[in-house]
Amino acid sequence: MKFKLSHYNIVTDSLSDEQSESTKRVLFATRTAKSMVITNRLYDKLQREAWDELAPNDFDKLLAIEAIVPQSEVEVKTIIERNQAKIKDDKSLYQVIQPTAMCQLGCGYCGQKHSKNQIGEIASERILERVESKFAFKEYNHLSIAWFGSEPLVGLAQIRDLTPKFKEMAQRHNCTYDSKVVTNGLSLKEHIFVELVKKHGVTKIEVTLDGTAEYHDARRHTKAGLSTFNLIFKNLLDIFNRPDFKTLGCTISIRCNVDERNSMSVVPLIEFLAAHNLQDKIEYFYVAPIHSWGNEAHLLSHEKEEFAKNEIDWILAQYQNGFRPGFLPGIKPVVCLSVTPDSEVFDAFGNVFDCTETPYVDVYANTEYVLGNVHNGLSTISKHRPLLSFNDEVANNEYPCSTCKMLPVCGGGCPKSWREGIVACPSNKFNIKEKLMLFYALKKKGVEALAQVYE
Ligand code: SF4
Ligand code: SF4
C-alpha cells in the first residue's frame, strides 16, 4: 500500500532539548488528537515522505495516530463520514429545556429579551410528548436534559415538575438519566444545589463569573443594577465547602466571558479562586469570548488571535496557581446539538429550536430557526432544521473548515456563526502550536516548567 503524510498534522517549530542536545518537534495528529514528540531528522524524512528511511517502530506509531494515511484516502471525506457516523450511532438523547424566559440579571452583552413567562402545564405535557416520540425512531440508552436560560433556576418549579416525568420516561425506555444546569449562580443556594443533585439528577453545573467582583459586577449586575458577585461566590463557597461535596457526584465549572473591558480581570479571578483553595473543587475553569446573539456583542470581543494569545497566559496563570487544566483539544465529531437530528431546544413559550442561542432573541423570531411551537400541535413542527446540513456543507467546500487542519478536533466551530458570516474558529486554531509547546514542557519538565516556556 502507498502512503502519504496526513493533511491533519500540526507540527511545532523546533524545540531545543538540553538533555539530548538535539532539536525536536511535537507532532499533533488532529485526526486522532494524539501527539508524538519527533526529532528534526524524523521530521525531515516525513516531509520527504521517505517511508523506507523510517524505523519500523516510528512508522507504526505514526500510522496508528493517523499522521500517515493511505495515499488514496480523501481525508476530508473520512472526517465528515466519521462525524456523521458518530451522530447516527449516538445512543444518548440530548434535549435542552429553558423553563423560564426570566433572568434576574441585566448583562449588557446579553441579546435575550426576558419576561416572566414560564413553561406552563400544557406546554410541559407537549414537550414530554415530543421527547417521548423520539424513542419510536431510535434505540437510546441514555436521556440527558440540559436546563438552560434565561436563568433556569428562576424556573425551578418547572424543573421540579418535569424531572420526575423525564426520569420515568428514561426508566421506561431502559435508559439512564442525567441533567445539567447552566446558571448565573445567584439562586444556587446550598439547599437548592443539594436538591438539584439528589432529586433532579443534576451531575454538572456551570456558573459564570466575569472576573473579580469589580469587573463582574460592572457587567453581570441585576436588572436593577445591583451587585451579584459576592452573593454568587458565597453560594459557591457554601457548596464547595460541604464535606460531602466531592461524593455528591455533581461537578461545578466556572466560565468567564470576556471582551476587551474585562480581560484584565481573568488572572486576578484565577488568583482569587486559588486563594479560596478551590483548585480541587472547580471541575474546569475556562474563558470564553463574548459571542454574537444576533446583536453586536461580539464586536467588543478581542480579535481571535489576541484572545488566543491571552488564553495561553490564562492557562499558565492557572498552573501557577495550582489548577491543572487540560489544554489540548480532543476529537470533536459532533460540533453541537444543531447537527444532531434528534436534539431540540424548548423555550418557555413552547417554541422549538435547533440551536441554543436563538430563543428569546428578537432577530431570530419568525426565522427558520424557530422550528415550531408545541402549542400548535407536534405535527406542525418543521422537519427542516436549517443547521443540520452543516457537515454536508463542509464536505461541499462551503466553509474554510473544508481545508482546515483543525477540523477533526473542532468540528467546524459554530454552524450558526458561519451562516451569519461570522468566523467561528475557536482559539485552538490560533494557539495550537503554543499549546503543543506547553504540552512538551509539561511532559519533559513537569508543572513547574510551564511558566518558563515563554520567558
Ligand atoms: S449553532 Fe452555534 S450557537 Fe447554535 S448551538 Fe451550535 S454552537 Fe451554539
Ligand atoms: S471553525 Fe475554524 S478552526 Fe474549526 S474547522 Fe472551521 S476553519 Fe478550522
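Residues numbered from 1 in each chain as written. Chains lettered and ligands numbered in written order. Predicted model: local features only at pLDDT ≥ 70, side-chain atom pairs only at ≥ 80, totals over all residues.

1. So, the site of ligand 1
Just so we agree on the cut-off: By definition, a residue lies near a molecule or strand provided its backbone-derived C-beta atom is within 6 Å of it. Residues were grouped as follows: Ala, Val, Leu, Ile, Met, Phe, Trp, Tyr, Cys and Pro as nonpolar; Asp, Glu, Lys and Arg as charged; and all remaining residues, including Gly, as polar.
All residues adjacent to ligand 1 are Cys-336, Leu-337, Ser-338, Cys-355, Thr-356, Glu-357, Leu-387, Cys-414, Pro-415, Lys-416 and Ser-417. Its residues assigned to classes, the shell around ligand 1 shows six nonpolar, three polar and two charged.

2. Points about the packing of helix α4 (residues 121–134) against helix α5 (residues 156–172)
How two helices sit against one another is set out by the angle between their axes and by the gap between those axes. Operational definition: Only C-alpha atoms enter the line fits that serve as axes; for helices the fit covers just the stretch in contact. Angles between N-to-C directions range over 0 to 180 degrees. We count a stretch as a helix when DSSP gives it H or I for four or more residues in a row; a strand needs E for two or more, and each element gets its number in order from the N terminus. When describing relative orientation, an angle under 35 degrees is termed roughly parallel and one over 145 degrees roughly antiparallel, while 65 to 115 degrees is termed roughly perpendicular and anything else oblique. What makes a crossing left-handed is the near helix being turned counterclockwise from the far one by less than a right angle; a clockwise turn instead makes it right-handed. A pair of residues counts as a contact when their C-beta atoms, built from backbone coordinates, are separated by no more than 7 Å.
Where α4 contacts α5, the axes come no closer than 11 Å and their chain directions differ by 20°. Classified by the angle between their axes, α4 and α5 sit roughly parallel to one another. Judged by the sense of rotation from one axis to the other, the crossing of α4 with α5 is right-handed. Of the residues in α5, those touching α4 at Ser-124, Leu-128, Val-131 and Glu-132 are Asp-161, Leu-162, Lys-165 and Met-169. Class assignment of the residues belonging to the contact of α4 with α5 gives a composition of four nonpolar, one polar and three charged.

3. Some details on helix α8 (residues 229–240)
Selection rule: The span one expects for a helix is its residue count, reduced by one, times 1.5 Å. Exposure criterion: with C-beta atoms placed from backbone coordinates, a residue whose C-beta has 20 or more other C-beta atoms within 10 Å is buried, one with 12 or fewer is exposed, and one in between is partly exposed. This arc is built from the directions going out from the helix axis to the C-beta atoms.
Look at α8: 16 Å from first C-alpha to last across twelve residues, which is about the 16 Å you get at 1.5 Å a residue. Within the span of α8, buried status applies to Phe-229, Ile-232, Asn-235, Leu-236 and Ile-239. Along the axis of α8, the buried positions cluster into a sector of 135°, meaning they face one direction only. Contact partners of the buried residues in α8: α6 (190–200), β10 (202–208), α7 (213–219) and β11 (251–258).

4. Section: the packing of helix α9 (residues 266–275) against helix α10 (residues 304–320)
Direction vectors running N to C along α9 and α10 enclose 20°, while the axes themselves pass 10 Å from each other. Relative to α10, the element α9 is oriented roughly parallel. In the packing of α9 onto α10, the handedness of the crossing is right-handed. Of the residues in α10, those touching α9 at Val-266, Val-267 and Ile-270 are Trp-314, Ala-317 and Gln-318.

5. Quick word on the nonpolar core
To keep it simple, the criterion reads: Joined through C-beta atoms within 7 Å, a set of buried Ala, Val, Leu, Ile, Met, Phe, Trp, Tyr and Cys residues constitutes a nonpolar core.
The biggest cluster of nonpolar side chains holds 98 residues, and the ones touching the most others in it are Ile-97, Leu-143, Trp-147, Val-207, Cys-256 and Val-266. Take this core: its biggest share by element is five residues, from helix α14 (residues 428–445).

6. Focus: α5
Just so we agree on the cut-off: For a residue, the bend is simply the angle between two axes, fitted respectively to the seven-residue segment ending there and the seven-residue segment starting there.
Between its terminal C-alpha atoms α5 stretches 24 Å, which fits the 24 Å expected from 17 residues at 1.5 Å a residue. In α5, a bend of some 30° at Leu-162 exceeds every other bend along the element, and Pro-164, a proline, comes one to four places later. Of the residues making up α5, those classed as buried are Gln-158, Ile-159, Leu-162, Phe-166 and Ala-170. Packed against the buried residues of α5 are β7 (92–97), α4, β8 (142–147), β9 (176–183) and α6. Just beyond α5, the residue with positive phi is Asn-174, at close to 55°.

7. Description of unusual backbone geometry
The step from Gly-149 to Ser-150 runs through a cis peptide bond, and the omega angle for that step is 20°. Relative to the elements of secondary structure, Ser-150 occurs in the loop between β8 and α5. Of note in the backbone geometry, Asn-174 takes a positive phi value of approximately 55° without being a glycine. Mapping Asn-174 onto the fold places it in the loop between α5 and β9. Asn-174 sits in the exposed class, given 10 other C-beta atoms within 10 Å. Positioned with a positive phi, Asn-366 is a non-glycine residue whose angle comes to about 60°. Within the secondary structure, Asn-366 is located in the loop between β14 (351–353) and β15 (370–373).

8. Notes on the site of ligand 2
Close to ligand 2 lie Pro-400, Cys-401, Cys-404, Met-406, Leu-407, Cys-410, Gly-412, Gly-413, Ala-424, Cys-425 and Lys-429, which account for all nearby residues. In terms of residue class, the shell around ligand 2 is made up of eight nonpolar, two polar and one charged.

9. Regarding the environment of Val-202
Tracing the backbone through its elements, the reader meets Val-202 in strand β10. Taking the C-alpha atoms as reference points, Val-202 and Ala-136, 66 residues apart in sequence, are found 26 Å from one another.

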